Amino acid sequence: MGTEGSTVLSPLWRGLPTIDSSAASTSASCSLPPHFEAVGSARKFTRSTLDRWDLIGLFDEVALVVSELVTNSMRYAIPAAAPVAAPVAAGRALGEYETPVRLHLMRWTSRLVCAVRDPSETGPVVGEAAAGDECGRGLYLVDSFSDAWGWHPLAGALHGKVVWALFRLPRDRD
């Protein structure tokens, strides 16, 4: 992910305790095509990443949050007639493309962050669902299962927004 991850998520760290510079960090990301089957792909990617990081015990909570964030991007951020891929920002080889939604997972010793980047600059809105409604509870679930969540618009050459959720990791993990 290079420096893009830290740039994309810099507003997330405001108001949170700083991360010890000696804390190990790692990240993984994947592009998701603009259709709802991408939610299943995001869950599989999350499972394999958490397994590789020895955090599989967090899978249920993290996968639920990832599913909600990706579903919101697919439902509200991708226009119905969205192209399959958009050109990547300058600095990449000609002809290199990226899909409009990207899932980032970042791990530090004390935190795990799930972030979904999409092309919309409109922030997520917490819905008000009636008892029989099938929609409108996603961000309530994100709020319930994560330790913090939020969003911010992207600046510079990147367009759109990032919606993120933070999970504090147990102290006994390396």
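Each remark here, short or long, concerns the structure printed above.
Residues numbered from 1 in each chain as written. Predicted model: local features only at pLDDT ≥ 70, side-chain atom pairs only at ≥ 80, totals over all residues. Heavy atoms only, no water.

Mind laying out the packing of aromatic side chains, listing which residues take part and the relevant values?
As enumerated under the stated definition, the model contains zero aromatic pairs in all. Across from the ring centre of Phe59, 3.9 Å away, lies the NZ or CZ of Arg47, which sits over that ring. (Phe/Tyr/Trp six-rings, centres within 6.5 Å; stacked < 30°, edge-to-face > 60°. Lys NZ or Arg CZ within 6 Å of the ring centre and 35° of its normal.)

Lay out the pairing of strand E7 (residues 161-168) in plain terms, naming residues and giving numbers.
In terms of residue burial, E7 counts as a mostly covered element, since seven of its eight residues are buried. Note: strand E5 (residues 111-118) against E7, eight bridges, orientation antiparallel. Each residue of the ladder has a partner; that of Arg111, found in E7, is Arg168. As judged from the six bridges shared by strand E6 (residues 148-153) and E7, these two strands associate in the antiparallel manner. Looking across to E7, one finds that Gly150 is bridged to Trp164. (Buried < 20%, exposed > 50% of the residue type's maximum accessible area, 1.4 Å probe, protein only. Helix = DSSP H or I, 4+ residues; strand = E, 2+ residues; numbered from the N terminus. Pairing = 2+ DSSP bridges.)

Please set out unusual backbone geometry residue by residue, giving values where relevant.
Peptide bonds are trans in most cases, and residues, glycine excluded, mostly fall at negative phi. Although it is not a glycine, Asp54 adopts a positive phi angle of roughly 60°. Within the secondary structure, Asp54 sits in the loop between helix H2 (38-52) and helix H3 (59-77).

What is shown is where atoms sit, not what they do.
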